[in-house]
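# Tertiary structure, described
Single-letter residue listing:
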Amino acid sequence: MTHQTRRAIVPGWIVLAALTPMSAYGAVGGVLHQRAQCEAESLNRRNSGQELRRFSSLGMLRRLLAPPNSPGADCPANGSPAQTGPTVPEPPVPAEPTPPAPPTVPGSPPEVQPAPAPSPEPAPSPEPAPLPEPSPAPGPEPTPPADAPSAAVEPTPPVVPEPDGAPAPEAPPAAPPTADTPPNTAAPPAPQSPDAETPPEPIPVPGPTTEAGADEEGFGDDADEAGWGGEADSDGFAAVEDGGETEPPTTHLVLTGFFRSDAALWTERFDSNPVAQLRQSIDAQLGYKDGDWRFVLAGHFARDFAYWVDRDSYDAVTIETYEQLALVREAFVNWSLQDVELSAGRQIVVWGEGNMLSPLDMVNPRDLREPGISDLDDLRLPVAMSRVNVFVGEHRFEGLVVHEANFGLLPPPRGNFNPMREQLSGGDGLGGDVIAQAEIRYEHEPPQWDLGAQQYFARWRYTGSGYDLALYSASLLDQQGVAKLPELTEWLQEEVALKLYHPRFLAFGHSGTFAHESSLLKWELGADVDRPVVLEMEDVAIPDYRWERRTIVKSMLGYTYSGFSDVMLSAELTQNFIPEGTSEPTLFELRQPAVAVQYHQFFLRERLEVTAVGSVLAGLDSGWLARADVSYELADAWSVGGGYVTFQPGNRLSGLNGFTTHDRVFAKLRYDFALQ
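Quick look at the structure, then. Every residue gets a number counted from 1 within its own chain, in the order that chain's sequence is written. Residues qualify for local features only when their pLDDT is at least 70, as the model is predicted, and side-chain atom pairs are given and counted only at 80 or more; totals for whole chains, interfaces and linings, by contrast, use all residues. Side-chain metrics rest on all non-hydrogen atoms present in the structure, leaving aside hydrogens and water.

### Comments concerning the environment of N389
A run of H or I in DSSP counts as a helix once it spans at least four residues, and a run of E counts as a strand once it spans at least two, with each numbered from the N terminus. Structurally, N389 is set in strand 6 (residues 383–392). It is 5.8 Å that separates the C-alpha atoms of N389 and V340, two residues lying 49 residues apart in sequence. Apart from residues lying up to four places away in sequence, N389 is in contact with D339, V340, E341, R396, F397 and E398. Any pair of N or O atoms that falls within 3.5 Å is considered a polar contact. Within protein, one atom must be able to donate a hydrogen and the other to accept it, and sequence-neighbouring residues count only if both atoms are side-chain atoms. Only 2.9 Å separates the side chain of N389 from the side chain of R396, close enough to count as a polar contact. Every residue pair with non-hydrogen atoms within 4.5 Å of one another is taken to be in contact.

### Looking at the sheet that holds strand 8 (residues 439–445)
The rule for pairing is simple: two strands pair if DSSP sees at least two bridges between them. Pairing is mixed in the open sheet, where 3 strands are placed in the order 8-12-11. At either margin of the open sheet sits one strand with a lone partner, and together these are strand 8 and strand 11 (482–484). Adjacent strand axes in the sheet meet at a mean angle of 35° when their direction is disregarded. One ladder, built from 7 bridges, connects strand 8 with strand 12 (residues 495–501); its direction is parallel. By the bridge assignment, R441 is partnered in strand 12 with A497. Axis definition: a line fit to C-alpha positions, over the contact stretch in the case of helices; interaxial angles, taken between N-to-C directions, run 0 to 180 degrees.

### Let's talk about the environment of A635
Counting through the fold element by element, A635 comes out in strand 19 (residues 623–635). On the basis of relative accessible area, A635 is assigned to the partly exposed category, the value being 34%. Sequence separation between A635 and R607 is 28 residues, and the spatial gap between their C-alpha atoms is 9.1 Å. The rule is simple: take the accessible area with a 1.4 Å probe, protein chains only, and divide by the maximum for that residue type; under 20% is buried, over 50% is exposed, in between is partly exposed.

### Observations concerning the pattern of salt bridges
The working definition used for a salt bridge is a side-chain nitrogen of Lys or Arg within 4 Å of a carboxyl oxygen of Asp or Glu. Here the structure, examined in full by the defined rule, presents 26 salt bridges. Of the charged contacts, one joins E439 and R441 as a salt bridge, the two residues approaching to 2.9 Å between their closest N and O atoms. Overall, E439 belongs to the partly exposed group, its relative accessible area being 22%. Judged by its relative accessible area of 27%, R441 falls in the partly exposed class. Ionic pairing is found between D478 and R531, a salt bridge with its closest N-O pair at 3.7 Å. Linking D478 in the loop between strand 10 (467–477) and strand 11 with R531 in strand 14 (residues 519–535), this pair joins segments that are 53 residues apart in sequence. The residues D478 and R531 share a single accessibility class, namely buried. Here the residues in one salt-bridge network are R260, D262, D283, R329 and D378, joined through shared partners.

### Observations regarding the packing of aromatic side chains
Classification of ring pairs rests on two measures: the distance between centres of Phe, Tyr or Trp rings, Trp counted by its six-membered ring, which must be within 6.5 Å, and the angle between planes, read as stacked under 30 degrees, edge-to-face over 60 and tilted in between. Counted by the stated rule, this structure contains 15 aromatic pairs. Centroid distance Y561 to F564: 5.2 Å. Interplanar angle 70°. Geometry classified as edge-to-face. Under the relative-accessibility criterion, F564 is labelled partly exposed at 47%. A ring pair is formed by F647 and F659, whose centres lie 5.5 Å apart and whose planes are at 90°; its orientation type is edge-to-face. Placement of F647 in strand 20 (residues 638–649) and of F659 in the loop between strand 20 and strand 21 (664–675) is noted, with a sequence separation of 12 residues between them. Of the two residues, F647 and F659, both sit in the buried class. For the cation-ring pair, R664 lies above W266, with the distance from its terminal atom to the ring centre recorded as 4.7 Å. For a ring to carry a charge above it, either NZ of a lysine or CZ of an arginine must fall within 6 Å of the ring centroid while also lying within 35 degrees of the normal to the ring plane.

Dropping the structure here:
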């Protein structure tokens, strides 16, 4: 597909209000890492985390397949082993008479041999004289007398070019110097062994040359022990100059995002106002990377024109909450150095292993304005934090400090998706019409940027072969909060503050996954120590929310099967326990299980995506919901879809309370873009 596939919207968020505030979508991530294998025996010991110099794979392959040098091959003057083939193409040399072969066996060792005894018989051709002093410009050598003594160095057959720096051969009178015989060499260098360590010397070769020597890892421009020389090889691959221009560019600036149009109708409200949503939105993210540094800036803007229809039926707070939203999403800078990664800014961090119900996914707040309807990409909200990751082998140590007391986006007190809407809309016990006229707003305690409200998280994660294990600990604020209703006299004011207190508590947890063939088993186990829970309201004239601290043990067991073609089936079960017994019931039932199931399938070569999800909250008597939707890729970057969601509240008070006429049918159109 040309753009990222949209994930299914899973209505498991509702457990956040009905069971545990931190139950929401998790993310199962995995990282596959591949390493290039280059000459396994000779280069693996060099691969210590630094990138190898770029090289010619064809030339390397031919060198590896070529037979080794004969015993008589010499080593270059820099002391590195000789290459397994000619490294400098020989220029064409005019045909010359072949000098007499010495009485030695070709392929003898490269060290200097004693000069053979002069032959008493006259040679058929004049014997070459010892090399004279080099002249600035090459030219033909004068012909010496016939009785001149032979050179002390044994000549080499002309069919095998001598490496640079080897003892100079006896040349015929008319032979000009070649690239293998530097014209400025006053005397032959001393013989060297392949292990000798001498500084590299500039080697004049035809065409462009590189003067840099071997680097600290041994991957210099000269020939190394693997035969990766810096000069042009026999296949015509010239040396790659050392420097930044040989590396691929590491600086990238990318702009990605999407436009989206969402429309929905209340299927049970056609007699009044059926328009549920006419939202137009744009999301954009700017990413910049330069070496070890990365910067991300993302934003979201949405405008819902549904609130232009029958506008007088909504209170001011509801219009402010849903009509328009502009916020900064992720905005952070990241720095990586080997095994340490640091980042700071507004970020999203996924904890836990559950996709639909995850008790341990407790770092980021949620957008709870439209439960069961919001897209997964919009559900988690970023918060300002500092983050460090340390990687040690298969272990990962993570530490977080959340600087912002952000408790997410909540449905307004009198909004359609507030389960306490009826209690806050007036009644006999709350003052009737007087309460109904008040403008109620949330007021969170502590405030957003209180220094004492910082939250601390730590995680250890181990990635094994087919399984993952993790441990968690945190000191955090209760996301759901406990409410304190205003006094009766405060309801007479035009604006009333509904205070939500978010006490601090400790949390510990463990999670894991085990994969086998097409099956994935995942689990979570956690404990919230001294977490605040809201008690059931008493039947009095002026009710109030009462709360106390309790320790809650949370668990999740999930299973995913992907053995069918283009099909994924998932199921997750959560169960909470309260160890200490108490006679006071809680406002929402915390100890009954919740179940979520998902069916996901692709058709038409992944152009058509079908999803169906369902969630049962704490038993059928507390309610259930279901959703089915389909998405089709029209063309590059364009997709269209639609679906239906139904809410079935039960007889008990739960997060679905009051959603009796909230079933809706929806349609969506999306365009994705990317610029770089």
